[in-house]
Number of protein chains: 2
Amino acid sequence: MSLLRFDRTTNDWVVYSPSRALRPHDTRLVPSADGHAEPATCPFCPGNEALTPPEIFAVRPPRGLRSDWSVRVVSNKFPALRIEEDPSRRDEGAMFRSMGGCGAHEVIVESREHTALLCQQPISQIESVLATLQRRLSDLMGDRRFQSIIIFKNHGASAGTSIRHPHWQLIATPVTPRLLRLKQIEATEYFDQTGKCLYCVLLEAELAAGRRILAQNDDYVALCPYASHVPFETWILPRLRQASFGHVSGERLKSLAELLKVVLLKLHTALDNPDFNLTIDTASRGAEDEEYFAWHLRILPRLSTPAGFELGSGMSINTVLPEDAVAFLSEVAVTANHGAANQVATGGG
Amino acid sequence: MSLLRFDRTTNDWVVYSPSRALRPHDTRLVPSADGHAEPATCPFCPGNEALTPPEIFAVRPPRGLRSDWSVRVVSNKFPALRIEEDPSRRDEGAMFRSMGGCGAHEVIVESREHTALLCQQPISQIESVLATLQRRLSDLMGDRRFQSIIIFKNHGASAGTSIRHPHWQLIATPVTPRLLRLKQIEATEYFDQTGKCLYCVLLEAELAAGRRILAQNDDYVALCPYASHVPFETWILPRLRQASFGHVSGERLKSLAELLKVVLLKLHTALDNPDFNLTIDTASRGAEDEEYFAWHLRILPRLSTPAGFELGSGMSINTVLPEDAVAFLSEVAVTANHGAANQVATGGG
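All figures in this text were calculated on a predicted structure; none of them were measured in a lab. (Residues numbered from 1 in each chain as written. Chains lettered and ligands numbered in written order. Predicted model: local features only at pLDDT ≥ 70, side-chain atom pairs only at ≥ 80, totals over all residues.)

Outline the interface of chain A and chain B, listing residues and values.
Taken together, the contact between chain A and chain B spans 78 residues of the former and 78 residues of the latter. The dominant element in the side of chain A that touches chain B, judged by the number of residues it contributes, is helix H2 (residues 178-194) of chain A, at 6 residues. For the side of chain A that touches chain B, the per-class residue count stands at 42 nonpolar, 24 polar and 12 charged. Across 3 bridges, strand E2 (residues 12-16) of chain A lies against strand E15 (residues 316-318) of chain B in parallel orientation. Within the sheet, the bridge partner assigned to Val15(A) lies in E15(B) and is Ile317(B). (Contact = placed C-beta atoms within 7 Å. Helix = DSSP H or I, 4+ residues; strand = E, 2+ residues; numbered from the N terminus. Nonpolar A, V, L, I, M, F, W, Y, C, P; charged D, E, K, R; others polar. Pairing = 2+ DSSP bridges.)

Set out below in structure tokens:
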């Protein structure tokens, strides 16, 4: 069972997914007991395909065996939203509105290796993961009940990871989520006033300022934004503006994989393998071709704990200025690989 | 040094308080090394008054000694905002706006006892803490540079507590924080349409529904709201609507202390001393006497970890329906104390 309820005090929806917990008070056990399984019993390791829900997609050589995949997509065993729920609204009196938790919740197993991190994968493997995310985004946006696709990755216990084998997730929602709606409204208003994409103007201003640029190549710029919400928050912005991540061409996916690897390696090395969340913010339904928005990738290291001030105010307290974060990260020399080293310049300019 | 930077993509401010970290990458050490000190070296224990910044206020008997306090307020040793910063705005080009981190950050030590929890304190002590919070709220709102006062308490490591000795905090901000602004806007629009306070109508609807009422007395109702964002989220709402917590009369503070104790005892007992954050959401400057808003108290247990979906979407996934939370908590019988037991009815109706 899955549903959404509308919070009238904040004008947004909350997702309820009670089956993720075993019993009402077992929230600490969510989502599953196989959380830190060893490879023999890990549902995401090759050979254990029978332990997952049905496969949705996989990257396999022609005529490969079932276990011959290099990237594999399955339904989440404990889905937050389900394709069979009814998205029509139901009112109990004037104050209580709900809807069925209609959506999709998929897991993208990013490699065959149980412990290797994304930053340790070859660029071609990272590219293959990004292409798989694109394919699932495109497929799910074909269902007109879904308004938005949230693409994310959790790394480490404090970032909410429950299964160690590296993976991404993708949740299709029947409403445009609050943060994306807010960002699209702000970008729309900016476009109304100036005729320009806010993210493009921000990128130009960051390049001109220079002090918060972490790395760049021909197609992308990685930076710690001026108003970072958490220490070492890092964004990757495309030089060629496109509202939807789904529109990025194959050649530019390779280039994104290169820069993403460099950025993750820098964070990994400088901060000693920090826990982090990664999201790809892409336009919601109807905005995929709009000029006012640019998709972007955000990495949010989990170095501090939001506490009462953050929950009470909705504001963030950040203890590290992004200029200081970039200066610190810039002391770390990394290269994506032999071939890519000369294509990726780190630092401003 | 403390400052705020404006995030153009989300239309809100981020607080920067770099001195809270020792070095840029030492975010894990924030805020201090004396975090889990024993009573002998705990800065909040009686006799150790010299270990804190200067005292702002204390509840003491007449002619009491320096260490004879029962509630004590001091400046935070690692303040997020500082009274000496300049709140005027500074622009670097069109994209980058900042302001000095003008504000206040105080710590309210809630009792002399190093390990006793708030729910284990006598009602008179809880009442004394609430009266102290009110007094500090009123005093800080006298400084017209402060727009809002965030009142909160963190309990447990996963809720961001760094010093074990039980305490509250209070942060005065030079802007109205995002969440409070959002709640006030939604409540204003509701008032425009209906002429009624949204929180009062919600309270009536919850009382009529009955299934999410946790406890109540003559002056307050404790409930797990219809659209709770986290498992076992609990609100206390006043029956007599007032926009500012500062306007609550002394008699009603005692009544609030009674119900707060009952609610905290229930959560403590049923969930085995869960980590939690507690906030008191009170009207910002200019709205203290408005009819559209009602102050309210929120308790947010930290039973689950917000992960990539929450950070990417701004939405919450909650694994426990509030009706189930109330049913589970209602199995726990607690009484505030001998005298108050007959004044507090638990459950709906």
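Would you mind going over the nonpolar core in detail, with residue names and values included?
Of all hydrophobic cores here, the largest spans 187 residues; its most connected members are Val263(A) and Val263(B). Beyond its immediate chain neighbours, meaning those up to four positions away, Val263(A) contacts Leu214(A), Ala215(A), Ala222(A), Thr234(A), Ile236(A) and Ile299(A). (Core = buried A, V, L, I, M, F, W, Y, C linked by C-beta atoms within 7 Å. Buried ≥ 20, exposed ≤ 12 C-beta atoms within 10 Å, placed from the backbone.)

An account of unusual backbone geometry is requested, with residue identities and associated values reported.
Residue and element names in this part refer to chain B. Despite not being glycine, Asn11 has its phi angle at roughly 60°, a positive value. Turning to its location among the elements, Asn11 is positioned in the loop between strand E1 (3-7) and strand E2 (12-16). The phi torsion at Asn273 lies on the positive side, around 55°, for a residue other than glycine. Considering the arrangement of structural elements, one finds Asn273 in the loop between helix H4 (250-270) and strand E13 (276-281). Among the residues examined, Asn273 registers 12 C-beta atoms within 10 Å and is labelled exposed.

Describe the domain arrangement of chain A, listing the residues and the values that go with them.
All names here are of chain A. Assigned domains of chain A: these are domain 1 (3-173) and domain 2 (178-346). Relative placement of domain 1 and domain 2: their C-alpha centres are 23 Å apart. Facing 26 residues of domain 1, the contacting portion of domain 2 comprises 28 residues. At 8 residues, helix H1 (residues 123-140) tops the list of elements feeding residues into the side of domain 1 that touches domain 2. The class makeup of the residues in the side of domain 1 that touches domain 2 is 15 nonpolar, 8 polar and 3 charged. (Domains from an automatic or database assignment.)

Help me get a handle on the sheet that holds strand E1 (residues 3-7) of chain A, residues and values and all.
Ordered in space as E5(A)-E6(A)-E1(A)-E2(A)-E15(B), the 5 strands form an open sheet in which the pairing is mixed. Two strands lie at the open edges of the sheet, namely strand E5 (89-92) of chain A together with E15 of chain B, each paired on one side alone. Sheet twist, expressed as the mean angle between neighbouring strand axes with direction ignored, is 30°. (Axes fitted to C-alpha atoms, helices over the stretch in contact; angles between N-to-C directions.)

Before we move on, can you summarise the environment of Val332(B) with the specific residues and values?
Residue and element names in this part refer to chain B. Looking at the secondary structure, you find Val332 in the loop between helix H6 (322-330) and strand E16 (345-346). In the structure, Val332 is positioned 62 residues away from Ala270 in sequence and 6.4 Å away in space, judged by C-alpha atoms. Here Val332 is in contact with Lys266, Thr269 and Ala270, once residues within four sequence places are set aside.

Before we move on, can you summarise the sheet that holds E1(B) with the specific residues and values?
Strands sit in the order E15(A)-E2(B)-E1(B)-E6(B)-E5(B) across an open sheet of 5 strands; the sheet is mixed. Because the sheet does not close on itself, it has two edges, and the strands there are strand E15 (316-318) of chain A together with strand E5 (89-92) of chain B. The average undirected angle you get between the axes of adjacent strands in this sheet is 30°. Both E1(B) and E2(B) contribute to a ladder of 5 bridges, which runs antiparallel. Each residue of the ladder has a partner; that of Phe6(B), found in E2(B), is Trp13(B).

Describe the relation of the copies chain A and chain B, with residues and values.
If you rotate chain A by 180° and push it 0.0 Å along the axis, it lands on chain B with an RMSD of 0.0 Å. The two molecules are tied by a two-fold rotation axis, judged by turn and shift. For chain A, the smallest separation between a C-alpha atom and the rotation axis is recorded for Ser158(A), amounting to 4.7 Å. When you check the interface residues of chain A against chain B, 100% turn up at the interface there too, and the contact is symmetric in its surfaces. (Least-squares fit on C-alpha atoms with pLDDT ≥ 70 in both.)

Kindly report on the environment of Asp289(A), identifying the contributing residues and their values.
By the element assignment, Asp289(A) lies in the loop between strand E13 (276-281) and strand E14 (296-301). Classification of Asp289(A) by C-beta neighbours within 10 Å gives exposed; the count is 11.

Break down the packing of helix H1 (residues 123-141) of chain B against H4(B) for me, with residues and values.
All names here are of chain B. Look at H1 against H4: their axes get within 8 Å of each other, and the N-to-C directions meet at 120°. By the angle class used here, H1 and H4 are oblique. Relative to H4, H1 is oriented so that their crossing is right-handed. Taking contact as the criterion, the partners of Ile123, Ile126, Glu127, Leu130 and Ala131 in H1 are, on H4, Leu253, Lys254, Leu256, Ala257, Glu258, Leu260 and Lys261. Class assignment for the residues of the contact of H1 with H4 results in 8 nonpolar, no polar and 4 charged. (Parallel < 35°, antiparallel > 145°, perpendicular 65-115°, else oblique. Left-handed = near helix turned anticlockwise from the far one by under 90°.)

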